[in-house]
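# Coordinate inspection notes
The chain contents come next:
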Amino acid sequence: MSKATAQPKSGGGGGLMWLQGLACGAMVALVPGTSLLLGVLLAPGLAALVLDRQPGRPIARSVLLFGGAFCIGPVSALWSAGQSVEAALGIVGDINSIGTAWSAAAAGWFMAELIPLVVRVVLEAAGVARAARLRAARAKLIEEWGPDQPPGQ
Amino acid sequence: MAIPPGSAPPAETIAGIYVVDPTRPLPLAGGGVPAFAVTDRRTGRTDVMALQVAPHVPARPQHLQVLTKPMEGLLTPLAHGKGPAIGGEAGYFVICNRPPGPPVSATLQPWPESALISLVLRPIAHALDVLRAQTLTHRAIRAENVFQGQPGQAVVLGAAWAAPPAMHQPAAYEPPYSAMCLPAGRGEGSLGDDIYALGVLLVTLAVGRVPMAGLDEAAVTRRKLELGSYAAVVGDGRLPPGIADLVGGMLAEDPDHRPSLKILLDLTAARGRKVATRPPQRAQRPLQIGHTAVWNVRMLAYAVSSEPEPGLQVLFGATLMPWLRRGLGEAALAVRIEEMLRLRADRGRNSEPYADAMLAMQIVTMIDPLAPLCWDGLTLWPDGIGPAFAVAHAADPETLARLESLVLTEAIAIWATMREERSDPGSLRLAARQYRGWLQTRGPSGGLPRVLYMLNPMLPCGSTLAAGRGVVGLTDVPAALEAAATTADRGAEPLDSHTVAFIAARSDRRLTMDINALNVTELESRLVSQLRLLSELQIRFDPRPLPALAGWFAAQAGPLVERWKNRARRAEIATGLASLAAAGHLAPMLALIEDHANLAADSDAAGLAASALERIEGELAEIDGGGPGRAVVATRTGQEIAAGMGLAALATALILAALG
């Protein structure tokens, strides 16, 4: 039964991958310059997609989003220059463009790593404060309702 | 010297009038019971005496209650109550007029017939007639307890109220069926027993010596059974003819054959009356049972009852039936005994507990219907079982165990059924069932102590706490416990089983619920019930403060205070108890402890607090164990935030690009 239900999913995932591959192939065929530029500028994000094995690929998502934000300018410039492969190679050859895009991607990775730590610290601090309040309340209750002498004494 | 009426009576004054002087004993005045000089503090008269009631030997309550007026020829009780301590124990005394002179036993010499009749027979018969009118017996008629002021004066019958009936009677003065009983178990008896004793007294005074002097009690009884009472008592003595006829009837073995008081008071009728009592059939040779050489069926019954083990061996042996048939010509009796033995053998001789004792009792009753109840070597009349219990409880555990088994088997009912024409089986069956019920009542208010106090209305409480303090009634309990509380172990409970049984036996129905409430195993409930019972006693019988007893309860009240869960309330209750205990009133302490409304509110609040505590503990556990969970949440949240920031950056870039 589980096999029977797993097979269509697997087929569906494979179908999606096939569609994604088809879309990428179509994109490379139709707009090779843009594809080349995005492939280079978003290379860290694409690498993160491969390396990030977490469900939903949260790190890759941050890296792609941050990197994507800084691809808007070069892509706009490419489209202004006629979307040719040569223009794309020219932009790719500009260290500023690549540096900015890849730095943004790095910032995305850094944020994806740092912010959970910050949140964890905040949550732990809140827990400690709550535990202190609860312990105080517990001590008060025991003082008010507990036995006069602990058992065994 | 009379004491002014306004002055307060000394603490040990009996009935507020009589002051006992324990340093002035009156030898011979008590007729076998210690007697002491007494002063009447109203009038100053000293012609009264106090008879000491032994601590474990109850007085006769019915006589003390009924005989309230002085009587001619009888030392009636004037009052009774606690008096000065003697030998470290609180004394209990019965006040009577002092005898007019020494007992007639002091100078025994033959009395002439006329003096016997006018100075002895008539006055004593008259006194017995007055007692009979009140359904009472005397049961202490003997030379040591009959007094004469001056020669030629009528004798006065001494007191018989400070000990169980006939307890101090020598066997010579008692019918053999009373003499064979436990001294304390002879019971109230009947007028016939008093007439028998009066007959022996007449013989004693007629011949000038005590009959069968020098023989021990058992030998006297055996001699009476062997020869018949008249022959045994008179022996070779020479009686005046009129007295001999009279005494012949008075010493009849069967009480129904003894002359009535009317006959004794009318000598003409008495002299014309001849009682033809058939002497017991005597065998040619005796049958030996234990220490007794049995010559007739009465002795057979006596031997089996007094020595049941050898008696049963003979019953189951081969010698008895030929002896009965050929030696005594009692073939019918032999057949009945054989039938009973066969029935027993069919059921198995030891098929039931106390089977041998039951068999011996039934056979003795069959052989001699006049015989008292015999049980496992004990002999007693059923109405003497109370004093027998009391005396055995004080000093004779073996007898006590036998009496317990007698009650447990309801042997009294079986005995009464076997001799219906001579007893009241209905009332005895009821009594036997009631005794057994008391003995089997569970809890501190039942068992042996309950039987002991129910059957002896004047027996003082035998609790170790009350011992020696003369606790005879419920009014004495609070003060006795107060005195005991000053020295008692504060770890023990204030009411032990003897005290509870004593209170149960002496109390009315209003205290029944409080007494029954003591039958619980939980210490807290038991302590509350004890406090409630004692506070009732204090309110009803002795409202004086009892600080030591209250302090004892306060010291025991830890578990009761612990019922309050709120610590501040607990401290408040403990402080309140201590201050109330110092005041010595038990009812406010009970009210403080048994404040059900506050206790319920405290319990509800404690429940809420417990719930809150449980919730806090849960939350703390959750916090302590929630690290991994929080890490997951932090990771997910942080990554979402990062993704959100990236999305914001992308949107911003797109907007900027769109705006050019």
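Before reading on, note that the structure itself is shown above.
### Quick look at the overall build of chain B
Looking only at helices and strands, chain B has 29 helices and 11 strands in total. Over its C-alpha trace chain B gives a radius of gyration of 37 Å, far above what one expects of a compact globule, namely 26 Å for 660 residues. Across the 660 residues in chain B, those meeting the buried criterion constitute 52%. Across chain B, contacts joining residues at least 24 apart in sequence account for 66% of those joining residues at least 6 apart. Surface summary for chain B: the accessible area is close to 28,200 Å², and the carbon and sulfur share equals 56%. Once the 59 positive and 63 negative side-chain charges of chain B are each reduced to a mean point, those two points are 7 Å apart.

### A few points about the sheet that holds strand β1 (residues 18-25) of chain B
Residues and elements named next belong to chain B. Strand order in the open sheet formed by five strands is β1-β2-β3-β5-β4, and the pairing between neighbours is antiparallel. Each end of this open sheet is capped by a strand with a single partner; those strands are β1 and β4 (77-86). Averaged over all adjacent pairs, the angle separating strand axes in this sheet is 40°, with direction ignored. Note that β1 and strand β2 (residues 35-40) share five bridges and pair antiparallel. Bridging across to β2, Val19 finds its partner in Thr39.

### Some remarks on the packing of helix α12 (residues 320-327) of chain B against helix α13 (residues 331-347) of chain B
Packed helices, taken two at a time, are described by the angle between their axes plus the distance between the axes. Residue and element names in this part refer to chain B. For the pair α12 and α13, the least separation of the axes is 8 Å and the interaxial angle reads 160°. Comparing their axes, α13 and α12 come out roughly antiparallel. Between α12 and α13 the crossing geometry is left-handed. Side by side, α12 and α13 meet where Met321, Leu324 and Arg325 of the first sit next to Ala331, Leu333, Ala334, Val335, Ile337, Glu338 and Leu341 of the second. Of the residues that constitute the contact of α12 with α13, the class distribution is eight nonpolar, no polar and two charged.

### Topic: the interface of chain B and chain A
With 39 residues of chain B at the contact, the number on the chain A side is 33 residues. Counting the surface lost from both chain B and chain A, the interface buries some 3,100 Å², and carbon and sulfur atoms represent 67% of this. Viewed at the interface, chain A and chain B are joined by five salt bridges. Two residues, Arg130 of chain A and Glu619 of chain B, come together in a salt bridge whose shortest N-O distance is 2.5 Å. A per-class count over the side of chain B that touches chain A returns 22 nonpolar, seven polar and 10 charged.

### Section: empty space enclosed by the protein
All names here are of chain B. Per the counting criterion, the structure on display carries two cavities of 30 Å³ or more. Taken as a whole, the largest cavity spans an internal volume of roughly 110 Å³. Taken together, 18 residues line the largest cavity, and the ones lying closest to its centre are Ala140, Ala159, Ala160, Ala163 and His168. Residue composition of the lining of the largest cavity, by class: 12 nonpolar, three polar and three charged.

### Some remarks on a nonpolar patch on the surface
Judged by side-chain polarity, Trp109, Phe110, Leu114, Leu117, Val118 and Val122 of chain A come together as a nonpolar surface patch covering roughly 580 Å² of accessible area. Note that Trp109 of chain A resides in helix α7 (residues 95-145).

Reading the values: the criteria
Residues numbered from 1 in each chain as written. Chains lettered and ligands numbered in written order. Predicted model: local features only at pLDDT ≥ 70, side-chain atom pairs only at ≥ 80, totals over all residues. Heavy atoms only, no water. Helix = DSSP H or I, 4+ residues; strand = E, 2+ residues; numbered from the N terminus. Rg over C-alpha atoms; globule rule 2.2 N^0.38 Å. Buried < 20%, exposed > 50% of the residue type's maximum accessible area, 1.4 Å probe, protein only. Contact = heavy atoms within 4.5 Å. Areas by Shrake-Rupley, 256 points an atom, 1.4 Å probe, with all protein chains shown as cover. Lys, Arg positive; Asp, Glu negative; His and termini not counted. Charge placed at Lys NZ, Arg CZ, Asp CG, Glu CD. Pairing = 2+ DSSP bridges. Axes fitted to C-alpha atoms, helices over the stretch in contact; angles between N-to-C directions. Parallel < 35°, antiparallel > 145°, perpendicular 65-115°, else oblique. Left-handed = near helix turned anticlockwise from the far one by under 90°. Nonpolar A, V, L, I, M, F, W, Y, C, P; charged D, E, K, R; others polar. Buried area = accessible area lost by both parts, 1.4 Å probe. Salt bridge = Lys/Arg side-chain N within 4 Å of Asp/Glu carboxyl O. 1 Å grid on protein atoms, 1.4 Å probe; cavity = no way out; pocket = protein on both sides within 12 Å on 5 of 7 lines; lining within 4 Å. Points joined across faces, edges and corners; volume = space filled by probe spheres on them. Patch = residues over 30% accessible without salt bridge, like charges linked within 9 Å, V, L, I, M, F, W, Y side chains within 5 Å.

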